[in-house]
Structures are given as C-alpha cells and as structure tokens.
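A look at the structure
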Amino acid sequence: MKSGINPMNLLLNEIRHNPLLWLLVFVPVLFAAQKFKPEAHTLLFVFSVLAIVPLAALLSHATESVAAKTGDAVGGLLNATLGNLTELVIALTALHAGQYMLVKASIAGAIVTNTLFMLGGSFLLGGLKHHVQEFNRGSARMQAGLLFLATVALLIPSAVSGSDSTAGAAFIEELSVGLAVLLIVVYGMGMLFSLKTHRELFASAEAGESGEAPWPMGLALATLAGVTVLVALVSEVFVESVQEAAVAFGMTPAFVGFIVVALVGAAAEMASAFSGARKNRLDLSVGIALGSASQIALFVAPVLVLLSYVIGPTPMTLQFWPGAVVMMFIATMTATLVTNSGRSAWFVGVLVLMVYLIFAMTLYLLPPHAP
C-alpha cells in the first residue's frame, strides 16, 4: 500500500462502487425498527436478512484480502471461523431461550447447507466461467474425513437410544458430554496437523486469478472485527423475530432451523466461497465449505452441549432426530464422493445442489419431530 492512501478512503470507495454494499443502510434501519417497533417480527426478520447480506459481502472482501497474504488454506480457515460466529451467536441465543429444536435443526442445517449448497454452488458458479477447475484433493479429503468422524459421533446417541430402550436420559447426557470433549480434541489436533506439522500438504492447486488489489492487512483485520460484531448484533434480532415470521410465512420450526437459519448464518462464507470459485480459486471455496461444516460439527456443536449446562434451562444432548442424522450422513458421503478426484465442472455442482433441494423439499412438506 502506498503511504498516501487513507485506509478509510479505500473502504468508502469499495462501498461506493459495489451496489450490494448500499444495503448497509438496512443495518441502522434494523436497529431503529427494533427500538420503535419491537413487535413487528416479520418486518424485523426481513430487515435482518437484508442487513446480513451486505455485511457478508464486506466480510468476504476483507477475508479475501487476508487470504491473499496468508494463503488460501489459512484464509479458508479464517473465513470459516469468522463466518461460524454467526451460527454460534444464533445457536447461543436459542440455547438460552431453551429452543433446543431450533438449536439442533440449525446445527444439522448448517452442516448440510455448507457441505451441499455452498460446495455445489461453488462448483456450479466456478464451472460456468471456467471449463474444468482443480483443487487440492488432500485438503478436501481431510476435511471430509473430519466431517465423517463428527457425523459418526452425532449418529451414535440417536442410534443407541433408538435401538436400546434401557438407554436413559442420564446415559445420553453423559455420552453427549464425552463425545463433545472428544470432538473438540480432534478438532484441535486437526488444526495442528493442517497448519503446523503437515502444512505443505495443503497448498493451493492453482494460484487463480489475481483480480483486484487486496486491502492492506490493517484495514482488512479492522473490517473483519467490526463486521463480525455487527453480524452478531443483527443475528440476535434475527433469532428473536424468526419464529414469529415463520408462522406468518407458513414455515415450520424444523424448516426454519434447517434451511432458513442455516442459509442466513452461512451468508458470509457463501459470499467468499462463490467469489473465490468465480476467480478460479476453488481451494478457497472448498476450504470454506468443508472447513466450515467440519468446524460446526467438531467445535460449535460440542461447545453448545457444554455451554447448555451453564446458560441453558436443561442440558442439551447430541441426540438428533433420525431424519437429521441421515441427511448429515448423506451430505458427508456426497462431499467425499465429489471431492475425491480434485477436479470439478459445473454439472458436478448441479448434482450436489439437487441433493440439497431434495432435503429442503422434504423438510418443507414433512417436518421431523423433536426427539
């Protein structure tokens, strides 16, 4: 960066030339509406969605600037971590309110949405612009492996309670705490493996297009911090209004948690993943999609189980309804199948998106019951 360029001017210039960022006006509008019309839940729901979209775009640009200097592997991890703060805040708010059905649906939905919708969308959008794209097969295989492990851990409590009538609530609670600790340990070891001991295995397959000049690191990090706080605040309003708005729109709680909350919560990562795919940086896209899904399964879900003993009305378990477990398992298998070759084209994205649409249609027409 030239010393004469003011970082704030760079930010304002980005907002001025990107029409999507003009939606930032809905951030103060949302907070004003919350103050003066707190009972208008449907209006607050719409405003919160419109406010999260431009914040996600800003988060995307800032993260790409950091990724340009740190490499796509670290950039993808950073984006997944910051993006998952939204899911964590949404889930914590619902957890404190005792809405465990919404919490579990949002966890399962976030895993499925990131694995299928984000990955499939990246393959489709990138493939429409570039004939065939390549990405690091080893990195994708490791993320898919972590996701498979987490899915097994989430499957076991449901399988045991369903097949063994003697498995009481106390046993499921103890098992969930034990599994939560194991998953967090594995997540930490996975980070050590990919970022420290074997980092050379996770280099990008291609450099991709250079595109526009990245922001200076100071501006990018400051934007990441500020936007993350705003996303968290907007998410709180979203959680408070989403259930009432769901009734107004004719949606069930399961559909809201599995599809709506997951899509809104993943808006930040999606903006970065889709943008990276269009710029032929599919390593960044795959890293965000699978990294975010495995992070939710290995870190966010276990943390929520442990925190439920502190802020929840009752302990939360890792026992999901059978339909959610099946969908998470199929999503993991789909991701493993399509990332095994390290190459992608647009039709692969269509196939992955179709699996997601089958799930969404099923949930909309036949909502599952809470366990």
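Residues numbered from 1 in each chain as written. Predicted model: local features only at pLDDT ≥ 70, side-chain atom pairs only at ≥ 80, totals over all residues. Heavy atoms only, no water.

1. Focus: unusual backbone geometry
Phi is positive for N280, close to 65°, though the residue is something other than glycine. Among the secondary structure elements, N280 is positioned in the loop between α10 (267-278) and α11 (282-311). (Helix = DSSP H or I, 4+ residues; strand = E, 2+ residues; numbered from the N terminus.)

2. Quick notes on the side chain of Q143
For Q143, the position within the fold is in helix α6 (residues 137-163). Other than its neighbours up to four places away in sequence, Q143 contacts L290, G291 and S294. (Contact = heavy atoms within 4.5 Å.)

3. Regarding the pattern of salt bridges
For the coordinates displayed, the defined rule picks out two salt bridges. Residue E39 pairs with K37 through a salt bridge whose shortest N-O separation is 3.8 Å. Classification of K37 as partly exposed rests on a relative accessible area of 44%. Residues R343 and E134 are paired through a salt bridge, measuring 2.9 Å at the closest nitrogen-oxygen approach. Of this pair, R343 sits in strand β2 (residues 343-344) while E134 sits in strand β1 (residues 133-134), placing them 209 residues apart in sequence. (Salt bridge = Lys/Arg side-chain N within 4 Å of Asp/Glu carboxyl O. Buried < 20%, exposed > 50% of the residue type's maximum accessible area, 1.4 Å probe, protein only.)

4. Topic: the environment of A91
Looking at the element boundaries, A91 is found in helix α4 (residues 72-96). Sequence spacing of A91 and L102 is eleven residues, and the spatial spacing of their C-alpha atoms is 7.8 Å. Discounting chain neighbours no more than four positions away, the residues touching A91 are V103 and L304.

5. Here's the deal with a nonpolar patch on the surface
Side chains of F148, V152, I156, F329 and M333 sit close together on the surface and give an oily, nonpolar patch of about 360 Å² of accessible area. Looking at the nonpolar patch element by element, the count peaks at three residues for α6. (Patch = residues over 30% accessible without salt bridge, like charges linked within 9 Å, V, L, I, M, F, W, Y side chains within 5 Å. Areas by Shrake-Rupley, 256 points an atom, 1.4 Å probe, with all protein chains shown as cover.)

6. Here we look at empty space enclosed by the protein
In total, this model carries two cavities of 30 Å³ or more according to the counting rule given. Taken as a whole, the second largest cavity holds about 70 Å³ of empty space. Lining the second largest cavity are E87, I90, A91, S106, I107, A110, V261, G265, I296, V300 and L304. (1 Å grid on protein atoms, 1.4 Å probe; cavity = no way out; pocket = protein on both sides within 12 Å on 5 of 7 lines; lining within 4 Å. Points joined across faces, edges and corners; volume = space filled by probe spheres on them.)

7. Structural notes on helix α8 (residues 217-249)
By the largest-angle criterion, V242 marks the main kink of α8, which is about 45°. Among the residues trailing α8, G250 stands out with phi positive, at a value near 75°. (Bend = angle between axes of the 7 residues up to and from the residue.)

8. Some details on helix α2 (residues 26-36)
Turning to α2, its buried residues number three or more, namely V27, L30 and A33. Axial view of α2: buried residues confined to an arc of 130°, hence all on one face. Every exposed residue of α2 that faces more than 90 degrees away from the buried side is listed here: K35 and F36. (Arc of directions from axis to C-beta.)

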